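Remarks on the overall topology
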Amino acid sequence: MNRRLLLRSGLAVAALFGLVAGLWILSLPPASAVGTPPAIAREETEAALAALKPPKRVRPLIAIIGINEGTETTDYLMPYGILRRADVADVMALATKPGPVTLYPALQVEPQATIADFDARHPEGADYVIVPAMHRDDDPIIMQWLNGQQRKGAIVIGVCAGAKVVAAAGLLDGKRATTHWYYLDELREKHPTVQYVANRRLVVDQGVATTTGITASMPMMLTLIEAIAGRDKALAVGQDLGLAEWDARHDSDAFKFTRPFALTAILNTLTFWNREQLGIELAPGVDEVSLALVADAWSRTYRSQTVTFAATANAVETRNGIRVIPDQFAESWPTARRILPIGNERPAEALDQALTGITARYGMRTGDFVAMQLEYPR
């Protein structure tokens, strides 16, 4: 009798949970409202460029900071790769302590220095500090270091959900800002004095810049290059990336938590038994921007996880000097589960190819699901 009662109670709870979940999903909007992003006045663009001018050095020093236990893949590697290929500044990829930086959702890299090393070499501080999204927003070492860099005159740039880290350090209080669409409500709830600016991929206010989702670091870095070295240089780098034009335009209404987004997340998670491990071969000189975008995209399907492999267990150096630690030592990888080698295609093209491959393998909804996470206009 007790067993029957427990069974009935369990079924009742399950039914109630299913009903609540179903009602919640039905309450979500059926689709995002896609429109034409509003134009940006030239005066606004010029003001942003003026605010991003190098504050101290003719050739600026740029520090990209991450925590060892979890820093967003593309937020960390894409600014580094873009700025290094521009060669308009000295760029260093830092970590809070010695040892590898585990990036999420994929890749593991060796930082070029710790923040202690950086401070010893450059007691006057950086010109710019780029802050990616991190697993922990309020790491005490990061908080102290960011405030110290700002006091030394650095311009702080929060990429994607890195805006939450910048806000936790108190550097966004009373300022205009933006962030990844998924974390906007959290940012506004925890930091009510932050003034959210809609329909902008990047916002600059009083020595602090912020961006929308992950792929927004590309136009942000091109804007920074233009502020440092002029429009022609930025255009040349943009062409090299496969991005013919860019500005702060953004359609915020196109990126929302919708019913298809939620259903795709749930259904893809439920197919856990069919989750694939896909291999990316690490080759010396691989473009770190393309590598980051491809590995990031394929690891956000909820159906697959990328791992890197190489014929040696040693770290492999990328085009611009980042050392990537292979996840596995292997001479080859099964063809059916191998992501096409990252060749000479430009990074924007590599991302488009990855999204096309994801759509072909898992369907249009999963392709859209990944693009939405990357806040990438398709």
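What you are looking at is a predicted structure, and each value in this text was computed from that prediction instead of being measured. (Residues numbered from 1 in each chain as written. Predicted model: local features only at pLDDT ≥ 70, side-chain atom pairs only at ≥ 80, totals over all residues. Heavy atoms only, no water.)

What about the overall build of the protein?
Regarding its fold elements, the protein presents 13 helices and 17 strands. For 378 residues, the compact-globule estimate of 2.2 N^0.38 gives 21 Å, and the protein sits close to it at 22 Å. If one aligns the C-alpha atoms of the protein with their principal axes, the spans along those axes are about 80 × 50 × 40 Å. The buried share of the protein, taken over its 378 residues, is 53%. Per element, the accessible surface of the protein, about 16,900 Å² overall, is 55% carbon and sulfur. Here the protein contributes 38 positively and 41 negatively charged side chains, and the mean placements of these two sets differ by 6 Å. (Helix = DSSP H or I, 4+ residues; strand = E, 2+ residues; numbered from the N terminus. Rg over C-alpha atoms; globule rule 2.2 N^0.38 Å. Buried < 20%, exposed > 50% of the residue type's maximum accessible area, 1.4 Å probe, protein only. Areas by Shrake-Rupley, 256 points an atom, 1.4 Å probe, with all protein chains shown as cover. Lys, Arg positive; Asp, Glu negative; His and termini not counted. Charge placed at Lys NZ, Arg CZ, Asp CG, Glu CD.)

A few points about the packing of helix H3 (residues 73-86) against helix H9 (residues 231-241)
The description of two packed helices rests on the angle between their axes and on the distance between the axes. Two elements in contact, H3 and H9, have axes separated by 10 Å at closest approach and are oriented at 125°. It follows from the interaxial angle that H3 and H9 lie oblique. You can see that H3 and H9 cross each other, and the crossing is right-handed. From H3, Ile82, Arg85 and Ala86 reach across to H9, where they touch Lys233, Val237, Asp240 and Leu241. (Axes fitted to C-alpha atoms, helices over the stretch in contact; angles between N-to-C directions. Parallel < 35°, antiparallel > 145°, perpendicular 65-115°, else oblique. Left-handed = near helix turned anticlockwise from the far one by under 90°. Contact = heavy atoms within 4.5 Å.)

Let's talk about the packing of aromatic side chains
The description of an aromatic ring pair uses the distance of the two centres, along with the angle that the planes make with each other. Under the defined criterion, the tally for this structure stands at eleven aromatic pairs. Ring geometry for Trp181 and Phe261: centres 5.4 Å apart, planes at 80°, overall edge-to-face. With Trp181 in the loop between strand S9 (176-177) and helix H7 (184-190) and Phe261 in helix H10 (residues 259-270), this residue pair connects regions lying 80 residues apart in the sequence. In this structure, Trp181 and Phe261 share a single accessibility class: buried. Plain terms: the ring middles of Phe309 and Trp333 are 5.2 Å apart, the flat faces sit at 20° to each other, and that makes the pair stacked. Taken as a pair, Phe309 in strand S14 (residues 304-310) and Trp333 in the loop between strand S17 (328-329) and helix H12 (347-362) lie far apart in primary sequence, 24 residues in all. Residue classification places Phe309 among the buried residues on the basis of a relative accessible area of 0%. Of the residues examined, Trp333 reaches a relative accessible area of 9% and is grouped as buried. A connected cluster of aromatic rings, assembled from ring pairs, spans Trp181, Tyr182, Tyr183, Phe257, Phe261, Tyr302 and Phe369. (Phe/Tyr/Trp six-rings, centres within 6.5 Å; stacked < 30°, edge-to-face > 60°.)

A few points about the packing of H10 against helix H13 (residues 364-373)
Following both chains from N to C, one finds H10 and H13 inclined at 110°, their axes separated by 10 Å at the closest point. On the basis of their axis angle, the class for H10 and H13 is roughly perpendicular. Crossing of H10 over H13 shows left-handed handedness. Contacts from Phe261, Leu263, Thr264, Ala265 and Asn268 of H10 reach H13 at Arg365, Thr366, Phe369, Met372 and Gln373. Within the contact of H10 with H13, the residues separate by chemical class into five nonpolar, four polar and one charged. (Nonpolar A, V, L, I, M, F, W, Y, C, P; charged D, E, K, R; others polar.)

Thoughts on the sheet that holds S17
Spatially, S13-S14-S17 is the arrangement adopted by the three strands of the open sheet, whose pairing is parallel. Only two strands of the sheet have a single partner each, and these edge strands are strand S13 (276-281) and S17. As paired elements, S14 and S17 share two bridges and run parallel to each other. Paired with Ala310 across the bridge in S17 is Phe329. (Pairing = 2+ DSSP bridges.)

Topic: a nonpolar patch on the surface
A cluster of nonpolar side chains, namely Ile266, Leu267 and Leu270, defines an oily patch on the protein surface of about 260 Å² accessible area. Assignment of secondary structure puts Ile266 in helix H10. Residue class for Ile266 comes out partly exposed when judged on its relative accessible area of 34%. (Patch = residues over 30% accessible without salt bridge, like charges linked within 9 Å, V, L, I, M, F, W, Y side chains within 5 Å. Salt bridge = Lys/Arg side-chain N within 4 Å of Asp/Glu carboxyl O.)

As for the sheet that holds strand S15 (residues 316-317)
Reading across the sheet, the five strands line up as S2-S4-S5-S16-S15 and stay open at both edges, with mixed pairing between neighbours. Here the strands that pair on one side only, and so sit at the sheet edges, are strand S2 (71-72) and S15. In this sheet, strand S16 (residues 323-324) lies alongside S15 in antiparallel orientation, the contact comprising two bridges. Looking at S16, one finds that Val316 is bridged to Val324.

Considering the nonpolar core
Ranked by size, the top nonpolar core spans 76 residues in total, and within it Ile62, Ile82, Ile157, Leu224 and Ile225 carry the most contacts. In this view, Ile157 contacts Tyr128, Val129, Ile130, Val131, Ala209, Met220 and Leu224; residues no more than four positions away in its chain are not counted. (Core = buried A, V, L, I, M, F, W, Y, C linked by side-chain atoms within 4.5 Å.)

Structural notes on the pattern of salt bridges
Should the charged atoms of two oppositely charged side chains come close, the side chains can pair. Applying the stated criterion across every chain yields a total of 25 salt bridges. Here Arg85 makes a salt bridge to Asp287, at a shortest N to O gap of 2.8 Å. Here Asp287 lies in the loop between S13 and helix H11 (288-298) and Arg85 lies in helix H3, a separation of 202 residues in the sequence. With respect to class, Arg85 is no different from Asp287; both count as buried. With a shortest N-O distance of 3.3 Å, Glu186 and Lys164 are connected by a salt bridge. Placement of the pair is Glu186 in helix H7 and Lys164 in helix H6 (residues 162-168), with a sequence separation of 22 residues. Look at Lys164 and you get buried, because its relative accessible area is 10%. Through salt bridges with shared partners, one network takes in Arg85, Asp240, Asp287 and Arg319.

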